Amino acid sequence: MKAKLVPGHGVRFTDTVTWSDGTDERGARDAKGTFQFDKKGIAAFDITMNYGEDDKEHVISIGKTGYYSGGILEKVLPKGKTWFKSAGGAIPDAWAQFLNPAEPKTLAALIENGKTQGNTVTGSITLKELKTVSAWVGAARTGKENDGIKIDYTLTLSSAGLVSRVRTSYTISRDGELDAVTVDSRFTGWGTKVSIKAPPPATVTDKLG
């Protein structure tokens, strides 16, 4: 995979997130996005998250700077501004795919911890363990109270040895209740030319209200 980590190139992905409280199961959201590489892993990403009924959120992250649009921000951004500038570089929220196969250290840990059979790797890893190898998760403010979350995973590899699918499931406490979350991610176009740019400066603000 390291051969694909060429600046100006990347990979596309889609996420399908399913949520259950034990009695009710529903689709939480779909997402699609692109990672742009540098020589070490992820340099930037562009993700659109769709909750249905025209409820969408858009995140662009370049280095350690993030740009956020849509959702509740539409009601609190100053007039004429459509993007909020803040810290970036990490997963957009707790319903994103925690496992990022575009990070060499993360992928190595998942393969080492897991069991390989044919073109699949299955295993489990805690969020605390993941933080030690993954900048994607380490930079996110998930809180130590979530360190014990165990993520069960299945990786599917293509004939070229690249990850084509990541399926994870975990249980997280939200508002005192336990939710079971499943995230199914598909990866395509490894090594595709990618150019992720910040939104036009005139549309960006770092102030709310």
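Everything discussed here concerns the structure shown above.
Residues numbered from 1 in each chain as written. Predicted model: local features only at pLDDT ≥ 70, side-chain atom pairs only at ≥ 80, totals over all residues. Heavy atoms only, no water.

A. Region of interest: the overall build of the chain. Helices and strands together make up the secondary structure of the chain, namely 4 helices and 12 strands. For the chain, whose C-alpha radius of gyration is 17 Å, the value lies close to the compact-globule estimate of 17 Å for 209 residues. In terms of overall dimensions, the chain has C-alpha extents of about 55 × 45 × 30 Å along its principal axes. Among the 209 residues that make up the chain, the fraction classed as buried is 41%. Both charge centroids of the chain, one from 28 positive and one from 24 negative side chains, sit 10 Å from each other. (Helix = DSSP H or I, 4+ residues; strand = E, 2+ residues; numbered from the N terminus. Rg over C-alpha atoms; globule rule 2.2 N^0.38 Å. Buried < 20%, exposed > 50% of the residue type's maximum accessible area, 1.4 Å probe, protein only. Lys, Arg positive; Asp, Glu negative; His and termini not counted. Charge placed at Lys NZ, Arg CZ, Asp CG, Glu CD.)

B. Molecular detail of a negative patch on the surface. A cluster of acidic residues, E53, D54, D55 and E74, forms a negative patch on the protein surface. Position of D54 relative to the elements: it lies in the loop between β3 (42-50) and β4 (56-62). (Patch = residues over 30% accessible without salt bridge, like charges linked within 9 Å, V, L, I, M, F, W, Y side chains within 5 Å. Areas by Shrake-Rupley, 256 points an atom, 1.4 Å probe, with all protein chains shown as cover. Salt bridge = Lys/Arg side-chain N within 4 Å of Asp/Glu carboxyl O.)

C. Molecular detail of the pairing of strand β8 (residues 120-126). Sheet analysis places strand β7 (residues 115-117) next to β8, joined by 3 bridges and oriented antiparallel. Following the sheet pairing, Q117 is matched in β8 by T120. Between β7 and β8, which pair antiparallel and follow one another directly, the connecting turn spans 2 residues, one of which, G118, has a positive phi of 65°. (Pairing = 2+ DSSP bridges.)

D. Quick look at the pattern of salt bridges. A full pass over the atoms with the stated rule returns 6 salt bridges. Note that R165 is salt-bridged to D184, the shortest N-O span being 2.7 Å. Taken as a pair, R165 in strand β10 (residues 163-174) and D184 in strand β11 (residues 177-193) lie far apart in primary sequence, 19 residues in all. With relative accessibility at 13%, the residue D184 sits in the buried group. Salt bridges here are not isolated pairs; linked through shared partners, they connect R165, R167, D184 and R186.

E. Region of the structure containing the nonpolar core. Formed by 42 residues in total, the largest nonpolar core has its most connected members in F35, F98, L130, I151, Y170, F187 and W190. For L130, the contacting residues outside a window of four places in its chain are F98, L99, T106, I125, V137 and I151. Ranked by size, the runner-up nonpolar core spans 7 residues in total, among them A44, I60, I196 and V204. (Core = buried A, V, L, I, M, F, W, Y, C linked by side-chain atoms within 4.5 Å. Contact = heavy atoms within 4.5 Å.)

F. Structural view of the pairing of strand β5 (residues 65-70). In this structure, β4 lies alongside β5, joined through 6 bridges in antiparallel fashion. Of the residues in β5, the one forming a bridge with I60 is Y67. Connecting β4 to the antiparallel partner β5 that follows it, the hairpin turn spans 2 residues, and G63 within it adopts a positive phi of roughly 65°. As paired strands, β5 and strand β6 (residues 83-87) are joined by 4 bridges and run antiparallel to one another. Residue pairing for β6: Y68 is matched across the bridge by F84.

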